[in-house]
Amino acid sequence: MTSLSLGGYMSNQKYEPVIGLEMHVELNTKSKMFCRCSADYFGREPNTHTCPICLGLPGALPYINKVAIEDCIKIGLALNCTVSEKSLFERKNYFYPDLPKGYQISQYRWPLCVNGWIEVDDGDGNKRKIRINRVHQEEDTGKLTHSGGVTLIDFNRSGVPLVEIVTEPDFHDVDTVRNYAKKLQRLFRYLGVSNADMERGDMRLEANVSVRPVGQKELPGYRVELKNINSFRFMVAAIEYEIKRQIKELEEGWTLKQETRGWDEDKKSTYLQRSKEEAHDYRYFPEPDLPEIRMKSDEIGKIRKSLPELSWDKQNRFIEEYGVKKSDAEILTELTELAEFFEVTVEHGKKHGVDAKAVANYIVNKKPNISVVLPTQIIEELKGKKVGVIENMGELGELADEVISENPAMVGVYKKGKVTVIQVLIGAIMRKTGGKVNPNKIREILKEKLR
Amino acid sequence: MKLTRDQVKHVARLADLPLTDEEEEKYSQTISKILDYVEQLNQVDTSDVEPTFNVTGQNNVFREDTTDACLSQEEVLSNAPKKKNDMFETKGVFEKE
Ligand SMILES: [Zn+2]
């Protein structure tokens, strides 16, 4: 994390950051967006997952992957978007070595999903409503490696389906940004549409950052785009730095300009990549090789019905239905598998008088390996705890006296020197108490009494 | 419609074409002529016509999410002017725009 503190600039509360986010998430479909190459490219030999379509060879025609479109709509619906009746792909034209066609097939004027929202906690736990401008479908580019003054290109990733989610500039602090990213990551995993691994680049974030005087309602007349920052951690650091830098510039009487900045991890600062004068002109136009997409309400309804219970709904249900703490509910719903394990255990616990809160506590604190431990084992353990292990020395002594008087033959054998028979006496006590005795403790007591 | 030298420069930059001063001057004239020619289309009144982006009249042409064989790495790289470590090699670009 950056060592720079916001210091006086933040504590005087004169400025409010205004942040909008663009997130790209790579879908985990079997095949690519517009061709039948396998989209499972990660860690594979370079240039082994390509064909004329994703290499942009002349004459190759794209062919839309239906599942990718459905996945994009699922994300849109989960984010309360309207699914467009009519949707079109367009060509976004620019030159870069990772883009073999000279354009990216993306969406611009007719995105698949528009006008959604999501509630996100800020740093103080208050709910913030973040408006979603659009959720659209596009394709990924190839991967570049820079080495020894040259750039090497691997096109395995070229054409892998990518969904872009654009928010309105509704973020005013970094915590909300962080929580938003986490919330979406969980959503993608619940929907099963992406592995959402930030380290592997499944999720990439771009931010538009500006600041305005507190109380001002209009958006600032500039914005700084933070781009090509491939680690989520660095993005957060870059946003924090940018807020501080911009406030400082304004305080010193400078006018801030529209520009694109990157992150220098060594210097822990952002640096200018491109100013507005050299801004891109993508010359979008409708992709003539792809017919338009028409979504009928019954088809949208079908996709809506196929959505699983979403992470935040599950979280709320756990709080309401089981009385679980909010922080516990958050942990329990991190993965669908864990949430399911919790619910099965709770169901089993009901039959044995173990309540849901105890189960939640156990799972959150002990973090059992759910692929090994059975829900019944957890309930057994909790039942033991609930009735309580016998710790009282007087009570333990009485138990020892009891089994000694009930087993005179064993006691005789023991006294003749065959000390291992003490196990039999311990076993008898365990049976009497239903296992609620610490065997080592009772052994010492028995030894003492048999001396 | 007269295209200015600056507009020619801009279009050339977008197309990644290096132009000499003479070429810039030359193209500002020739491209202007082409634009004039195309301009004739504006004589037709299209105010009641929806823009046509696609002539097939089809929609929702999808394929199932199934995979097929890819080209071999050897084939893919066979036309590369330069290659290294099974990748295409190009002049260094260090800052993604
Ligand atoms: Zn392909």
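Residues numbered from 1 in each chain as written. Chains lettered and ligands numbered in written order. Predicted model: local features only at pLDDT ≥ 70, side-chain atom pairs only at ≥ 80, totals over all residues. Heavy atoms only, no water.

Going by an unreviewed UniProt entry, chain B carries the name Aspartyl/glutamyl-tRNA(Asn/Gln) amidotransferase subunit C. Listed in UniProt under the heading Sequence similarities (unreviewed entry), the comment for chain B reads: "Belongs to the GatC family." According to the UniProt record, the Subunit (unreviewed entry) comment for chain B reads "Heterotrimer of A, B and C subunits." (UniProt positions renumbered as here; feature names shortened; annotations may be inferred.)

(A) Layout of the sheet that holds strand E5 (residues 90-93) of chain A. All names here are of chain A. The 3 strands lie next to each other as E6-E5-E16, forming an open sheet whose pairing is antiparallel. A single partner strand is all that each edge strand has here, and the edge strands are strand E6 (103-106) and strand E16 (285-286). As defined by bridge partners, E5 adjoins E16 across 2 bridges and the pair is classed as antiparallel. Bridge pairing in E16 places Arg91 opposite Phe285. (Pairing = 2+ DSSP bridges. Helix = DSSP H or I, 4+ residues; strand = E, 2+ residues; numbered from the N terminus.)

(B) Region of the structure containing the coordination of the zinc ion. Residue and element names in this part refer to chain A. Ligation of the zinc ion by protein atoms is provided by Cys35 (SG), Cys37 (SG), Cys51 (SG) and Cys54 (SG), these donors lying 2.3 Å from the ion. Geometry at the zinc ion is tetrahedral, judged from its 4 donor atoms and the angles of 100 to 116° they form at the metal. Read from N- to C-terminus, the donor residues coordinating the zinc ion fall into the pattern C-x1-C-x13-C-x2-C. (Donors = N, O, S within 2.8 Å, 3.2 Å for Na, K, Ca; no water. Tetrahedral: all angles 85-135°; square planar, octahedral: opposite > 155°, others 65-115°.)

(C) Seen up close, the side chain of Asp264 of chain A. Residue and element names in this part refer to chain A. Checked against the element boundaries, Asp264 lands in strand E14 (residues 259-264). Among buried Asp, Glu, Lys and Arg side chains, Asp264 stands out as unpaired, with Lys267 the closest opposite charge at 4.0 Å. Discounting residues that sit within four places of it in the chain, Asp264 has contacts with Ser269 and Tyr271. (Buried < 20%, exposed > 50% of the residue type's maximum accessible area, 1.4 Å probe, protein only. Lys, Arg positive; Asp, Glu negative; His and termini not counted. Salt bridge = Lys/Arg side-chain N within 4 Å of Asp/Glu carboxyl O. Contact = heavy atoms within 4.5 Å.)

(D) Quick peek at the pairing of strand E11 (residues 161-167) of chain A. Residues and elements named next belong to chain A. Among the 7 residues that make up E11, 7 are buried, leaving the element largely enclosed by the rest of the structure. Here E11 shows no split at all, with Pro161, Val163, Ile165 and Thr167 on one side and Leu162, Glu164 and Val166 on the other all buried. The sheet contact formed by strand E1 (residues 15-26) and E11 spans 5 bridges and is antiparallel. Residue Met23 lies in a different strand from E11, and its bridge partner there is Ile165. The pairing of strand E8 (residues 127-139) with E11 spans 7 bridges and is classified as antiparallel. By the bridge assignment, His136 is partnered in E11 with Glu164.

(E) Structural detail: the interface of chain B and chain A. On the side of chain A, 59 residues touch chain B, which itself brings 37 residues to the contact. Together chain B and chain A conceal approximately 4,400 Å² of surface at their shared face, both sides included; 57% is due to carbon and sulfur atoms. Taken together, the links from chain B to chain A amount to 0 salt bridges. Considering each element in turn, the side of chain B that touches chain A owes the most residues, 5 residues, to strand E3 (residues 87-91) of chain B. Residues of the side of chain B that touches chain A, tallied by class, amount to 13 nonpolar, 11 polar and 13 charged. Here 2 bridges tie strand E2 (residues 64-65) of chain A to strand E1 (residues 62-63) of chain B, and the two strands are oriented parallel to one another. By the bridge assignment, Ile64 of chain A is partnered in E1 of chain B with Phe62 of chain B. (Buried area = accessible area lost by both parts, 1.4 Å probe. Nonpolar A, V, L, I, M, F, W, Y, C, P; charged D, E, K, R; others polar.)

(F) Fine view of the domain arrangement of chain A. All names here are of chain A. What the domain assignment reports for chain A is domain 1 (9-301) and domain 2 (308-449). On a C-alpha basis, the centroid separation for the pair domain 1 and domain 2 is 49 Å. On the domain 2 side, the residues contacting the 9 residues of domain 1 number 14 residues. Across the domain 1 to domain 2 interface the summed buried area is about 1,000 Å²; carbon plus sulfur atoms make up 60%. Of all residues in domain 1, the largest losses of buried area upon contact with domain 2 belong to Lys183, Arg186 and Tyr190, amounting jointly to 63% of the total for that side. For Lys326, the salt bridge goes to Asp121, with nearest N and O atoms at 2.7 Å. The tally of links from domain 1 across to domain 2 stands at 4 residue pairs in polar contact (both at pLDDT 80 or more). (Domains from an automatic or database assignment. Polar contact = N/O pair within 3.5 Å; in protein donor to acceptor, adjacent residues only side chain to side chain.)

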